[in-house]
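Coordinate inspection notes
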Amino acid sequence: PNLDRFAQGAVVFDNAYSPGSYTVPSFLSYMSSVAVRTHGWDYPFDVRFPKPGFCARADLTTLAEVLQESGFDNRAFVSNGLLHPKRGFPRGFETWNAFEVQGLASRELTKAQARFRDREVVAKGIESMESWEPGERHFLYLHLMYPHLPHEPSRAVRKELDLPDEPKRFSTTD
């Protein structure tokens, strides 16, 4: 009921499509309005990201940068470790997981410091919104891992598609 109430005053998309097959290319595409094949980060789960990350693409402008230039206070809270600050993802944000972005790329951060759990992301987002004053301009980006789960159909979907009640579990010996 809360989402339905929120949706009544929001723009609602009936269909959504991911521009990439995993987080990094998708994030870069929707933050820059550039197709995955154009920005080139389409190799999955490769830790050899270009250095210094997305910031090296000076020819691309991010949504956060455009909003920042227009006077928005940009904050991001993420639970996905792939969006690590060393890879340049905070470009255009003032804060990234409660860290000031200025000088963040040079700090030594563990994965645990660089990301929050989903509950923390939501709590920090709410806390951030509660601090806003009328007339201020804000862009709040929340990135959650929970919507990725489950990786198997629910019982209702299995029933609807006439699939077995319990999905087959695969092991390393299969």
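This structure is a prediction, so every number in the text was calculated from the model and none was measured.

Another aspect to go through is the confidence of the model for the protein. With 82% of its residues at a pLDDT of 70 or more, the protein has an overall mean of 80. The element-level mean pLDDT for the protein is lowest in helix H5 (residues 111-114), coming to 70, with helix H4 (residues 63-69) highest at 96. Throughout residues 170-174 the model reports pLDDT below 50, and contacts reaching past four residues in sequence, or to other chains, amount to two contacts.

Looking at where Asn 80 falls in the secondary structure, it is placed in the loop between strand S1 (73-78) and strand S2 (95-96). For Asn 80, a relative accessible area of 6% corresponds to the buried category. Ignoring sequence-local partners within four residues, the contact set of Asn 80 consists of Thr 23, Arg 115, His 143 and Met 145. Among the polar contacts made by the side chain of Asn 80, one reaches the side chain of Thr 23 at a distance of 2.9 Å.

So, about the pairing of S1. Of all six residues in S1, five are buried, a share of seventy percent or more. Judged from the six bridges that link them, S1 and strand S4 (residues 138-143) form a sheet pairing that is parallel. Residue pairing in the sheet places Val 78 in a bridge with His 143 of S4. The sheet contact formed by S1 and S2 spans two bridges and is parallel. Its bridge partner being in S2, Ala 76 is matched across the sheet by Trp 96.

The next point concerns helix H6 (residues 118-130). In this model, H6 (13 residues) spans 18 Å end to end at C-alpha, consistent with the 18 Å of a helix rising 1.5 Å per residue. Looking only at H6, the buried set comprises Asp 118, Val 121, Gly 125 and Ser 128. Seen from one end, H6 has its buried residues packed into an arc of 90 degrees, which puts them on one side. Looking at H6, the residues exposed on the side facing more than 90 degrees away from the buried face are Arg 119 and Glu 130. Buried-residue contacts for H6 involve S1 and S4.

Here the focus is unusual backbone geometry. Its identity as a non-glycine residue notwithstanding, Ser 33 has a phi of 60 degrees, on the positive side. Following the sequence through the fold, Ser 33 ends up in the loop between helix H2 (23-32) and helix H3 (36-39). Under the relative-accessibility criterion, Ser 33 is labelled exposed at 72%. Notably, Ala 98 is not glycine yet its phi reads approximately 75 degrees, a positive angle. Turning to its location among the elements, Ala 98 is positioned in the loop between S2 and strand S3 (99-100).

About the thresholds
Residues numbered from 1 in each chain as written. Predicted model: local features only at pLDDT ≥ 70, side-chain atom pairs only at ≥ 80, totals over all residues. Heavy atoms only, no water. pLDDT = per-residue confidence, 0-100. Helix = DSSP H or I, 4+ residues; strand = E, 2+ residues; numbered from the N terminus. Contact = heavy atoms within 4.5 Å. Buried < 20%, exposed > 50% of the residue type's maximum accessible area, 1.4 Å probe, protein only. Polar contact = N/O pair within 3.5 Å; in protein donor to acceptor, adjacent residues only side chain to side chain. Pairing = 2+ DSSP bridges. Expected span 1.5 Å × (residues − 1). Arc of directions from axis to C-beta.

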